[in-house]
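Structural description and commentary
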Amino acid sequence: MSLSMDSLARIALDLQWGISNQDRFQQLINSLRQLLLCDALALLRYEGQLFRPLAIDGLTPDVLGRRFRLGEHPRLEAIARAGDVVRFPADSQLPDPYDNLILPSREQLKVHACIGLPLFANQTLIGALTIDGYDPAQFDHFNDEELRLIGALASAALSNALLVERLEQQTVAPIANPLANKPGADEIVGLSSGMLQLKKEIGVVAGSDLNVLIMGETGVGKELVAKAIHLASPRADHPLVYLNCAALPESVAESELFGHVKGAFTGAIHHRAGKFEMADQGTLFLDEIGELSLTLQAKLLRVLQYGDLQRIGDDRSLKVNVRILAATNRDLKGAVLAGQFRADLYHRLSVFPITVPALRERQEDIALLSGFFCERCRSQLGLGSLALSKAALALLQRYPWPGNVRELEHAIHRAAVLARAEQGLGEVLLKPAYFSLEASVQADSQNPLTPAKAATAALAVGLRDATDEFQGQLIRQALESFGGNWSATARHLQIDSGNLHRLAKRLGVK
Ligand SMILES: Nc1ncnc2c1ncn2[C@@H]1O[C@H](COP(=O)(O)OP(=O)(O)OP(=O)(O)O)[C@@H](O)[C@H]1O
Ligand SMILES: [Mg+2]
């Protein structure tokens, strides 16, 4: 036996003292790394066909945001199926989920020692511990019995944490829906204090029936928050109906919201239910609520006040039971003061306001989100591995992300496509050159088009041309930072999107 009972017991005792689960997991990983003298170690949680890293050591920081699908990672699948300690032969041909993700070097890991311990609670798989070492014979002196003890220790820590989590959820959301924890597509990734606070607020408000106003800049994840609230609410088994108020021409808006009866107006050839009716018993998500016209605001308010509505062309009123979630990237309070948004509607909608923090205010989430999107791109593009170079991650962490998470997602996708074209489908490494961010960071900081410079330019070429030049440059810059998204650019520049398109055409930007 090379592990002393003493050291194991001490680790077990120390785990009692961890404050948060996150700290506790990290402490477990740190102690085990010292004990096993391995080069990389990860504690993974198993949920619905994927493994989610809870704590890591010796791996690049973005690994914490990666979600490993079982079907795409044969080593993890082998661990999940094994029921006992798995020792991969040093020359195993199975691709490693951590290919190129182990610190510090890329090349050393081709042949290495790798052990997987499945973690169980009451015979159910709840997670795994992966142990990697550069030296192929590194773990030969540990016998299976010792490794099982380590597995038991980790299982106990993980199952305790899961139990506590479940108890906490029960106190805030009495009807916790299993879908609320559905991994994958709609997960809100983030461990910064701002995001932990946000997740707590989501948990608290989901169980209530209050209307929620979700605020935050473009691309911060407001829509994800709306979905999360609905899925964790008692209404989760009923529909979540989506309506984008910005894409709602005045002429059809009323019918979209409230429906119409046959013959109510030219073209009304059938009865048609509005979004309110479709959302009955469920949730109606009014996206970009700040764009709703004053007329429609008045009509919406009436439904919120009395809970009944009339289809266009129908005298009868319908009772509906709908919870409203609204989102905006505008300063709605400011709009109220400016007379563009009804104060009474604002107060009804903002019973429980939630603000999603901008990405630059939670810099520690950038590595996590980058890993999340890298693993997703890897899978979508069919790559063997997709890693971020250290310099690339540093660049992503330095950039201010005016388009927030959406911009990061697009930047990684674009970089991965560029890298694939150069490096092929095997092992792909994202280097700073694949991101066009540095240029814009530099352009912003070193060469801003100041009013003084613009004025000098105007003297040289005339006011009209100088103004055109300035506008064109501004639009190009904004467009680039929003990943080519025209509507986000229009919002950012505070200009109607139709006007933006016309202007861009005239200036030759399009
Ligand atoms: N915390 C997060 N974890 C994972 N993905 C995220 C997160 N936040 C945002 N995303 C992703 O970023 C993209 C933009 O998010 P979303 O559409 O929710 O933003 P938004 O706040 O509604 O923006 P807009 O105001 O422009 O409509 C989506 O693809 C979403 O899945
Ligand atoms: Mg949105």
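Rules and cut-offs
- Residues numbered from 1 in each chain as written.
- Chains lettered and ligands numbered in written order.
- Predicted model: local features only at pLDDT ≥ 70, side-chain atom pairs only at ≥ 80, totals over all residues.
- Heavy atoms only, no water.
- Near = heavy atom within 4 Å.
- Polar contact = N/O pair within 3.5 Å; in protein donor to acceptor, adjacent residues only side chain to side chain.
- Areas by Shrake-Rupley, 256 points an atom, 1.4 Å probe, with all protein chains shown as cover.
- Helix = DSSP H or I, 4+ residues; strand = E, 2+ residues; numbered from the N terminus.
- Nonpolar A, V, L, I, M, F, W, Y, C, P; charged D, E, K, R; others polar.
- Domains from an automatic or database assignment.
- Buried < 20%, exposed > 50% of the residue type's maximum accessible area, 1.4 Å probe, protein only.
- Contact = heavy atoms within 4.5 Å.
- Pairing = 2+ DSSP bridges.
- Axes fitted to C-alpha atoms, helices over the stretch in contact; angles between N-to-C directions.
- Core = buried A, V, L, I, M, F, W, Y, C linked by side-chain atoms within 4.5 Å.
- Parallel < 35°, antiparallel > 145°, perpendicular 65-115°, else oblique.
- Left-handed = near helix turned anticlockwise from the far one by under 90°.
- Phe/Tyr/Trp six-rings, centres within 6.5 Å; stacked < 30°, edge-to-face > 60°.
- Lys NZ or Arg CZ within 6 Å of the ring centre and 35° of its normal.
- Expected span 1.5 Å × (residues − 1).
- Arc of directions from axis to C-beta.
- pLDDT = per-residue confidence, 0-100.

Here we come to the site of ligand 1. Taken together, 20 residues are adjacent to ligand 1, and Val189, Thr218, Gly219, Lys222 and Glu409 come closest. Arginine 406 is positioned such that a nitrogen or oxygen atom in its side chain is 2.9 Å from an oxygen atom of ligand 1. Its free accessible area being 640 Å², ligand 1 has 89% of it covered by the protein chains. Counting only elements with at least two residues in the shell around ligand 1, the list comes to helix H6 (222-231), helix H12 (365-381) and helix H14 (404-423). Along the lines of polarity and charge, the residues of the shell around ligand 1 split into nine nonpolar, four polar and seven charged. When residues of the shell around ligand 1 are assigned to domains, at least three map to each of domain 2 (193-355) and domain 3 (359-443).

Within the secondary structure, aspartate 62 sits in the loop between strand S2 (50-57) and strand S3 (68-69). Given a relative accessible area of 1%, aspartate 62 falls into the buried group. Among the polar contacts made by the side chain of aspartate 62, one reaches the side chain of threonine 60 at a distance of 2.8 Å. Setting aside residues up to four positions removed in sequence, aspartate 62 forms contacts with Leu101, Ala367, Leu368 and Gly371.

Here we come to the sheet that holds strand S14 (residues 323-328). In space, the five strands of this open sheet follow the order S8-S11-S14-S7-S15, with parallel pairing throughout. Edge strands, defined here as strands with exactly one partner in the open sheet, are strand S8 (240-244) and strand S15 (352-355). Sheet twist, expressed as the mean angle between neighbouring strand axes with direction ignored, is 20°. When S8 meets strand S11 (residues 283-287), the two strands line up parallel, connected through five bridges. Paired with leucine 243 across the strands is leucine 286, a residue of S11.

A separate point is the sheet that holds strand S6 (residues 124-133). The strand order across the open sheet formed by six strands is S3-S2-S1-S6-S5-S4, and the pairing between neighbours is antiparallel. The sheet is open, and its two borders are formed by S3 and strand S4 (86-88), each paired with just one other strand. In this sheet, S6 lies alongside strand S5 (residues 113-121) in antiparallel orientation, the contact comprising nine bridges. Across the sheet, residue leucine 117 finds its bridge partner in S6, namely leucine 129. The strands that helix H2 (residues 21-36) touches are strand S1 (40-47), S2 and S6; relative to S2, the one it contacts most, it runs at about 65°. With respect to the sheet, helix H3 (residues 74-82) is in contact with S1, S2, S3, S4, S5 and S6, its orientation differing from that of S4 by roughly 150°.

Membership of the largest hydrophobic core comes to 56 residues, with the highest contact counts inside it found for Phe51, Tyr98, Leu396, Trp401, Ile412, Leu430 and Phe435. The biggest single contributor to this core is H12, with nine residues. When residues of this core are sorted by domain, at least three fall in each of domain 1 (5-169) and domain 3 (359-443). Excluding residues within four positions of it along the chain, leucine 430 makes contact with Cys374, Leu386, Ala387, Leu388, Ser389, Ala392, Ile412, Ala415, Ala416, Ala419 and Phe435. If you look at the next biggest cluster of nonpolar residues, it comprises 33 residues, including Leu8, Ile11, Leu28 and Leu43.

With that settled, the discussion passes to the packing of H12 against H14. Running from N to C, H12 and H14 point in directions that differ by 45°, and their axes come no closer than 9 Å. Considering their axes alone, H12 and H14 lie oblique with respect to each other. The way H12 lies across H14 gives a crossing that is right-handed. Each of Ile366, Leu369, Ser370, Phe373, Cys374, Arg376, Cys377, Gln380 and Leu381 in H12 lies in contact with H14, whose residues at this interface are Val405, Leu408, Glu409, Ile412, His413, Ala416, Val417 and Arg420. Broken down by class, the residue content of the contact of H12 with H14 amounts to 11 nonpolar, three polar and three charged.

This part takes up unusual backbone geometry. Phi angles above zero are rare outside glycine, and glutamine 49 is one such case at about 70°. Position of glutamine 49 relative to the elements: it lies in the loop between S1 and S2. Look at glutamine 49 and you get partly exposed, because its relative accessible area is 49%. Although it is not a glycine, asparagine 122 adopts a positive phi angle of roughly 50°. Along the chain, the position of asparagine 122 falls in the loop between S5 and S6.

This part takes up the packing of aromatic side chains. Under the defined criterion, the tally for this structure stands at seven aromatic pairs. For the ring pair phenylalanine 68 and tyrosine 98, a centre distance of 6.1 Å and an interplane angle of 75° mean the geometry is edge-to-face. One end of the pair, phenylalanine 68, is in strand S3; the other, tyrosine 98, is in the loop between S4 and S5, and 30 residues separate them in sequence. Look at phenylalanine 68 and you get buried, because its relative accessible area is 0%. Looking at tyrosine 98, the relative accessible area reads 2%, which means it is buried. Look at tyrosine 399 and tryptophan 401: their rings are 4.6 Å apart centre to centre, the planes differ by 85°, and that puts the pair in the edge-to-face class. Residue classification places tyrosine 399 among the buried positions, given a relative accessible area of 5%. Over the aromatic face of phenylalanine 88 sits the side chain of arginine 75, whose NZ or CZ is 5.0 Å from the ring centroid.

On to H14, then. With 20 residues, H14 extends 28 Å between its outermost C-alpha atoms, agreeing within 8% with the 28 Å of an ideal straight helix rising 1.5 Å per residue. Among all positions of H14, only Asn404, Val405, Glu407, Leu408, Ala411, Ile412, Ala415, Ala416 and Ala419 are buried. Summarising the axial view, the buried residues of H14 lie within an arc of 165°, below the 170-degree limit, and thus occupy one face. Following H14 by one or two positions, glycine 424 has its phi on the positive side, about 85°.

The subject of this paragraph is the confidence of the model for the protein. For the protein, the mean per-residue pLDDT works out to 86, and 88% of the residues sit at or above 70. Every residue in residues 172-183 is under pLDDT 50, and counting partners more than four places away or in other chains gives 20 contacts. Every residue in residues 442-450 is under pLDDT 50, and counting partners more than four places away or in other chains gives eight contacts.

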